[in-house]
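Coordinate analysis (summary)
Here is how the chains run, residue by residue.
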Amino acid sequence: MSKPRKLQIPDDRSERLFYIKRMFPQASGPDLKDAWHGGRHEAQRRLSGMDALAYERNHHFLNGAVTRLSPYLRHGCITLNEACNSIRAKYGAKAEKLIFAFAWRDYWRQVWYRFGDDILSDMEAAKVMIGHDPLADDIRNGTTGLPCMDGFISDLLTDGYVHHHARMWFAAYVLHWRKVDWRAAADWYQEHLLDGDMASNHLSWQWVASSFSSKPYYFNKESLARYTGEKYCASCTKTCPFDDSYDGLHIKLFPEVIPGSPEQHKVDRPTRPAVSTQTALAVFVHDEMLSAANPIVQQSLHKIFVFDDHLHGKWSLNRLQFMADCLNEMPEVDVWLGDAREVLAERGIGQVITQATPNQEIRAMLAPFSPKWQAEPKLVDVDISSKRLKRFSRYWDKVGPLLMGNAEYRQP
Ligand SMILES: Cc1cc2nc3c(=O)[nH]c(=O)nc-3n(C[C@H](O)[C@H](O)[C@H](O)COP(=O)(O)OP(=O)(O)OC[C@H]3O[C@@H](n4cnc5c(N)ncnc54)[C@H](O)[C@@H]3O)c2cc1C
């Protein structure tokens, strides 16, 4: 474990990317692309340029008008409320599908708040036999020989962004055709996504696996060819493993009937230094609140962000550079590299104020500093019971009418 060091993030973008590369020699992957400038300014620019009507028509297509807002929402550059309110103000009920999409993020997050680390194990018994193979190198490297899957892996490894439909196809391929353990796949996937988020990611993998849904998700060639505009199929020379009817694929993929019992995955908490009691109060800026507009960040107290060895140590280079862009717009925040506890203890911090999070790793890390958790803004001001959190459809029955401002509103 290296001694904490203070980082001086350069204002110049190319110097900044280079600096982060030097500070994190272990981080894998290419530099952050120009198209992915992190921070609130870019988030707001994307939001105001969003065409929600085009989204309604074509978001299922790989070249559809999706928002690409997820990394900005993940890091709190803008809040889900801001995004939702802005779209509702401009489009009203015509933006139904986009509001529905935002609600998915909120749903997974509520599940995370309610179930904590349990989301890292099977939420329920899978409804079909799922596999437990390790993640093979041809998947990690994008050399499966299938142009579609290798293309989706290349998007992940070079861009850090993958379209939602492609994420679903890829997860189904990995879990149902290759029988990889969902947790191994989800952990790896999250390290490379600019929007990598424990809830949206791990629970989506479980949704595909069927350990948090009523049936497994899988697809066939016809569907993939349609929504990709044959982009991959046209150059494919392989015998297509997806070329069959849904019934035919079901028989091939899930010949065994007996689903197992829920699989428990161990959660490894890192050993962190014990710290002695101090007195000073500071704002701890964690990786879900990277915006100078965040009311907690605006408090006139010492503000500290730490690229923490345990939290961010395995993240790809472009993820770290994305966060550095965000932090560059927050000049009052001191940025450190090391173990967050050591950084706080060495600064004489006895208590931190920070934004509430369902991330148990952050909560455990800050526990010795008697954190004052300030609630994050709610998408809708309503209590959602555990029963409602069992399935998105039940959550939406309650939340949809409130978000759409229409008591009669039902699922799209
Ligand atoms: C296997 C798998 C892994 C995923 N991992 C992540 C992850 O780590 N982080 C993450 O933010 N999303 C994840 N998603 C959800 C979804 O794919 C992305 O949020 C979405 O593709 C981001 O692109 P976008 O911003 O252009 O989305 P848009 O289609 O433009 O949607 C707008 C916003 O709505 C939210 N949203 C839309 N669909 C979903 C969904 N199904 N679940 C959660 N939020 C949604 C996102 O915040 C997104 O930015 C995953 C989905 C799958 C199937």
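This report concerns the structure included in the present document. (Residues numbered from 1 in each chain as written. Predicted model: local features only at pLDDT ≥ 70, side-chain atom pairs only at ≥ 80, totals over all residues. Heavy atoms only, no water.)

Structural notes on the overall build of the protein
Scanning the protein from N- to C-terminus turns up 18 helices and six strands. Relative to a compact globule of 412 residues, whose C-alpha radius of gyration would be 22 Å, the protein shows 22 Å and is just as compact. Dimensions of the protein along its principal axes, counting C-alpha atoms only, are 65 × 50 × 45 Å. Long-range contacts, defined as pairs at least 24 residues apart, comprise 73% of the intrachain contacts of the protein with a sequence gap of at least 6. By element, 51% of the accessible surface of the protein is carried by carbon and sulfur atoms, the whole surface being about 18,100 Å². Across the protein, 51 positive and 51 negative side-chain charges occur, with their mean positions spaced 3 Å apart. (Helix = DSSP H or I, 4+ residues; strand = E, 2+ residues; numbered from the N terminus. Rg over C-alpha atoms; globule rule 2.2 N^0.38 Å. Contact = heavy atoms within 4.5 Å. Areas by Shrake-Rupley, 256 points an atom, 1.4 Å probe, with all protein chains shown as cover. Lys, Arg positive; Asp, Glu negative; His and termini not counted. Charge placed at Lys NZ, Arg CZ, Asp CG, Glu CD.)

Observations concerning the site of the ligand
Taken together, 28 residues lie around the ligand, and Tyr55, Thr67, Arg68, Tyr161 and His164 are the ones closest in. Those elements that provide at least two residues to the shell around the ligand are helix 4 (70-74), helix 6 (96-115), helix 9 (164-177) and helix 11 (198-209). Take the shell around the ligand: its biggest share by element is six residues, from helix 6. Residue classes in the shell around the ligand are distributed as 16 nonpolar, seven polar and five charged. Residues lining the shell around the ligand come from more than one domain, with at least three contributed by each of domain 2 (36-118 + 381-404) and domain 3 (137-253). (Near = heavy atom within 4 Å. Nonpolar A, V, L, I, M, F, W, Y, C, P; charged D, E, K, R; others polar. Domains from an automatic or database assignment.)

Thoughts on the sheet that holds strand 4 (residues 333-338)
Taken in spatial order, the six strands line up as 1-4-3-2-5-6 in an open sheet, and their pairing is mixed. In this open sheet, the two strands that pair with only one neighbour each are strand 1 (5-7) and strand 6 (372-374). Sheet twist, expressed as the mean angle between neighbouring strand axes with direction ignored, is 35 degrees. Pairing of strand 1 with strand 4, which is carried by three bridges, proceeds in the antiparallel orientation. Bridge pairing in strand 4 links lysine 6 to tryptophan 336. Packed onto the sheet, helix 15 (residues 317-328) meets strand 3 (302-308) and strand 4 and runs at close to 170 degrees relative to strand 3. (Pairing = 2+ DSSP bridges. Axes fitted to C-alpha atoms, helices over the stretch in contact; angles between N-to-C directions.)

A short note on the environment of cysteine 236
Checked against the element boundaries, cysteine 236 lands in the loop between helix 12 (221-228) and helix 13 (246-253). Considering only alpha carbons, one finds cysteine 236 and cysteine 148, 88 residues apart in sequence, at a separation of 8.3 Å.

What about the side chain of histidine 75?
Inspection of the secondary structure puts histidine 75 in the loop between helix 4 and helix 5 (80-91). Leaving out residues up to four positions away in the same chain, histidine 75 has contacts with Leu194, Asp287, Glu288, Met289, Leu290, Trp315, Arg319, Phe322 and Met323.

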